[in-house]
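# Results of the structural survey
Each chain is listed here by its residues.
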Amino acid sequence: MGQNFLQDEEIARWIGDQVQPDGADIVVEIGPGMGALTKHLVGRPKKLILIEKDSQLAPELQSQFEGRDDVEVIHNDATRINLRAWFKHGPLRIVGNLPYSVGSEILNLLVQKDWNVEMLRVVPPEVFVPKPRVDSAIIRLTPRDPATLPVFDHVLFDRLVRMGFSQRRKQLKNLLPEAPGGWESLIEALGVTGMVRAEALSLTQWIQIARHYEQRHEADAGQKASEMFDVVNERNEVIEQLTRGEVHKRKLLHRAVHIFVINKRGHIYLQQRSHLKDVSPLKWDSSAAGHLDAGESYASAAVRELGEEIGIHIEATELATQIPAGDNTDHEFVELHIARHDGPVRCLPEEIATGDWFKPEDISAWVEARPQDFAKGFVTCWKAWAQK
Ligand code: SAM
């Protein structure tokens, strides 16, 4: 459990200040232990959530904060807690003096792809009881602007990094799968020698490796303004075909399909749109959604979008509801379809920043509290579906 308790008041207060808790909507502390950091956090954010795994310490914290509405103590393993239910509170601030066992080179790489990492301070062993055998670093992570890295398949990146670090003494060439075009072409692209080991490569070089395996050799591009759409009249009858750019510029009526993918547990997959999208970048959206191509039906567009955006290949979807074009759909006649699926989801990185499964009640609470986190078309679909 890595129980080295912080004894230095000044450092504890200083760490608490680094998360800027005053007036924050929500701060989560992982592993509060005997409350060394906690006492400098209580009363500062609107809500403080404490997650402690230890079966003696957690009940003590629970009785200490009993009766306080702004403090919640959760007796659980923090790695098993689902943070999604708290998205409705807005951006989370998470703080903790974590057990030393969480640190490793591989973690550093996996963290940096999504976070900016700032080294704030190094503290000596003497400030903890019992005294650890190493110094401790205090670091701050803030979300990385996705536009600072080229797009890459995050699942593939994780898999390659784990393979590369699986046997420290071995050269990378013997740990990674056969590279497209051969190992030589990969090391040439990276500008390294054939004997290179995993820890010698930077984040940018690991991303280059992932892109090489994806055979993604062209610069990242957003959506094409030249795609052709059917333009429709107010009765949703096709009247002409024009480019995407033209349709959006002139606010012409057109067609789109949204799909909610639901698993056996009744959870729904939502995607966060990529920063490369021209409309609603980084907003949360339906599992998959898109315009109908010229001449395409809603049903076939639903199956195509599921395959293209999130790698789900199914024969057919079910029609849930039809929504007329209006401001709340950005001038689209929308059909909402449902797909049942339990297997993995594989996001196309230029379309989707990330995605996850949510309980419907968590989505409803989140949409209610923070509609600004979502694409407009999704909110319309969600409300139409929830009413049914
Ligand atoms: N925050 C306290 C301090 O600064 O003195 C305690 C820090 S101590 C390094 C780590 C704390 O994390 C311990 O209280 C331990 O019981 C708790 N802990 C360890 N693993 C945990 C886990 N998976 N989930 C929640 N708490 C955990």
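Residues numbered from 1 in each chain as written. Predicted model: local features only at pLDDT ≥ 70, side-chain atom pairs only at ≥ 80, totals over all residues. Heavy atoms only, no water.

## Things to note about the site of the ligand
Selection rule: Proximity is defined per residue: if any heavy atom of the residue lies within 4 Å of a molecule or strand, that residue is considered near it. Polar contacts here mean pairs of N or O atoms no more than 3.5 Å apart (in protein, one a potential hydrogen donor and the other a potential acceptor; neighbouring residues in sequence count only if both atoms are side-chain atoms). Each accessible area is a Shrake-Rupley estimate made with a 1.4 Å probe; only the visible protein chains count as cover when residues are assessed. All amino acids are sorted into three groups, where Ala, Val, Leu, Ile, Met, Phe, Trp, Tyr, Cys and Pro are nonpolar, Asp, Glu, Lys and Arg are charged, and the leftover types, Gly among them, are polar.
By nearness alone, 21 residues border the ligand, and Q3, L6, G31, E52 and N97 come closest of all. At a separation of 2.6 Å, an oxygen atom of the ligand approaches a polar side-chain atom of E52. With the chains in place, 94% of the 590 Å² that the ligand exposes on its own is no longer accessible. Along the lines of polarity and charge, the residues of the shell around the ligand split into 9 nonpolar, 7 polar and 5 charged.

## Looking at the sheet that holds strand β3 (residues 48-52)
Remark on secondary structure: sheet strands pair via backbone hydrogen bonds, oriented parallel or antiparallel. Test applied: Should DSSP find at least two bridges between two strands, the strands are regarded as paired. Secondary structure elements follow DSSP: runs of H or I of four or more residues count as helices, runs of E of two or more count as strands, with numbering from the N terminus. Simply put, an axis is a line fit to the C-alpha atoms, just over the touching stretch for a helix, and the angle between two N-to-C directions goes from 0 to 180 degrees. Contacts are assigned to residue pairs that have any heavy atoms within 4.5 Å of one another.
In space, the 4 strands of this open sheet follow the order β4-β3-β2-β5, with parallel pairing throughout. Looking at the sheet topology across the chains shown, the edges are occupied by β4 (71-75) and β5 (93-95). Within the sheet, the average angular offset between the axes of one strand and its neighbour, ignoring direction, is 20°. Contacting β3 and β4, helix α2 (residues 57-64) crosses the sheet at an angle of about 160° to β4.

## Considerations on the domain arrangement of the chain
The criterion, for reference: What marks off one domain from the next here is an automatic or database domain assignment. The term buried area means the drop in 1.4 Å probe accessible area that two parts suffer when joined, counted for both and summed. Salt bridge, as used here, is a side-chain nitrogen of Lys or Arg placed within 4 Å of a carboxyl oxygen of Asp or Glu.
As far as domains go, the chain holds domain 1 (5-144), domain 2 (154-214) and domain 3 (228-386). Computed from C-alpha atoms alone, the centre-to-centre distance between domain 1 and domain 3 is 37 Å. Listed per partner, the contact involves 7 residues of domain 1 and 10 residues of domain 3. For the domain 1 and domain 3 pair, buried surface summed over both sides reaches about 670 Å², with 63% attributable to carbon and sulfur atoms. For the domain 1 face of the interface with domain 3, the top three residues by lost area are R84, F87 and K88, together amounting to 78%. Linking domain 1 to domain 3 there are 1 salt bridge. Between D356 and R84 there is a salt bridge whose closest N-O contact spans 2.5 Å. The tally of links from domain 1 across to domain 3 stands at 2 residue pairs in polar contact (both at pLDDT 80 or more). Grouping the constituent residues of the side of domain 1 that touches domain 3 by class yields 3 nonpolar, 2 polar and 2 charged.

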